[in-house]
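The lines below spell out each chain.
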Amino acid sequence: MPQHSYLVGLVGSGIGPSLSPALHEREADRQGLRCLYRLIDIDTLGVGPEAVGDLVRAARDVGFDGLNITHPCKQVVIGHLDELSPGAEALGAVNTVVFEGGRAIGHNTDVTGFAASFARGLPDVSLERVVQLGAGGAGAAVAHAVLTLGAGHVTVVDAMPDRAAALAAALNRHFGDGRAAAATPDELAALLAGADGIVHATPTGMAAHPGLPFPAELLHPGLWVAEVVYRPLETELLRTARAMGCATLDGGGMAVFQAADAFRLFTGREPDSVRMLADIAELAGVAVPS
């Protein structure tokens with residue numbers, strides 16, 4: 001008989017505000033499925049990211065169909081899985097685990113999620129020279145996505161030079177020499193002056209980290225601005241960029257499309273991403289254009 005009930009969850013730190021449970025459960029309801037989506041917060045449990053292996057095994061043993069994995073467990077979890085998808089292996093990070101026949105298989109839907117959101121929201125922009133601010137877990141995924149979409153060159157800027165250099169080196173290994181470079185924040189003014197667009201992949205702008213990630217005067221109307229933060233959907237960076245005439249992309253699309261890809265992996269059903277975009281707009285209290 002076809003499966004109609006699914007038990008999935010999210011493992012990470014400080015995940016109480018996550019919209020993933022609502023996104024998955026609403027879409028399941030519309031498809032006539034029952035989905036229970038549980039939050040497994042390592043802060044609440046009082047354990048560190050190294051406990052993710054035990055949590056994955058426990059979830060498999062009690063009958064979970066799969067898990068989403070978020071900060072700070074996306075890299076640590078890899079050593080506790082039986083198999084990785086090519087995308088997760090190339091990125092060195094997992095955000096979705098599917099249990100199949102007792103085996104735990106790791107995937108990454110952050111890359112495909114950002115790529116789908118970008119292609120939908122900024123379909124006609126130039127990708128010749130892209131600057132990315134932030135080289136953490138989200139940064140690695142979106143940098144891979146931008147180069148997959150055909151970016152000519154990506155300069156990764158991070159306050160931690162070693163992290164930026166490591167990501168740029170990984171991108172060059174995967175996409176070919178000369179496709180990526182690393183830089184420090186003091187180089188941002190010169191970089192943005194000659195860039196087509198910037199991808200923002202740091203926590204600045206989140207409810208707990210308000211403000212702009214760099215001075216507003218570095219923005220100019222010829223620049224497109226893509227945001228990874230989605231709580232709130234309307235960050236100060238997006239408001240400022242839009243007022244200057246920049247084309248913008250909020251982080252809601254990435255959140256929806258990565259959830260839609262995970263839903264497909266968990267259930268084998270095709271999600272309706274347009275309905276899910278409406279969900280996140282409602283849940284976040286902001287209208288998203290159709």
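Please refer to the structure higher up on the page.
Cut-offs and rules
- Residues numbered from 1 in each chain as written.
- Predicted model: local features only at pLDDT ≥ 70, side-chain atom pairs only at ≥ 80, totals over all residues.
- Heavy atoms only, no water.
- Core = buried A, V, L, I, M, F, W, Y, C linked by side-chain atoms within 4.5 Å.
- Buried < 20%, exposed > 50% of the residue type's maximum accessible area, 1.4 Å probe, protein only.
- Helix = DSSP H or I, 4+ residues; strand = E, 2+ residues; numbered from the N terminus.
- Contact = heavy atoms within 4.5 Å.
- Phe/Tyr/Trp six-rings, centres within 6.5 Å; stacked < 30°, edge-to-face > 60°.

1. Looking at the nonpolar core
Part 1 of the reasoning: F114, F118, V130, V199, W224 and A226 are the most contacted members of the largest nonpolar core, which totals 32 residues.
Part 2 of the reasoning: Looking at this core, the elements with two or more residues in it are α5 (110-121), α6 (137-148), β8 (153-157), α7 (161-175) and β11 (224-227).
Part 3 of the reasoning: If you tally residues by element for this core, the top one is α6, at seven residues.
Part 4 of the reasoning: If we skip the residues at most four places from it in the chain, V130 touches V146, A151, H153, V154, T155, G197, V199 and W224.

2. Regarding the packing of aromatic side chains
Part 1 of the reasoning: Applying the stated criterion to the full structure yields two aromatic pairs.
Part 2 of the reasoning: Measuring from centroid to centroid gives 5.9 Å for F114 and F118, while their planes differ by 40 degrees, and the two rings are tilted. Of the two residues, F114 and F118 both sit in helix α5, four residues apart, roughly one turn of that helix. The same class applies to F114 as to F118, namely buried.
Part 3 of the reasoning: On the numbers, 5.0 Å between centres and 75 degrees between planes, the contact of F118 with W224 is edge-to-face. Placement of F118 in helix α5 and of W224 in strand β11 is noted, with a sequence separation of 106 residues between them.
Part 4 of the reasoning: According to the relative accessible area criterion, F118 is buried, its value standing at 3%.
Part 5 of the reasoning: Here the aromatic residues F114, F118 and W224 are joined through ring pairs into a cluster of three or more.

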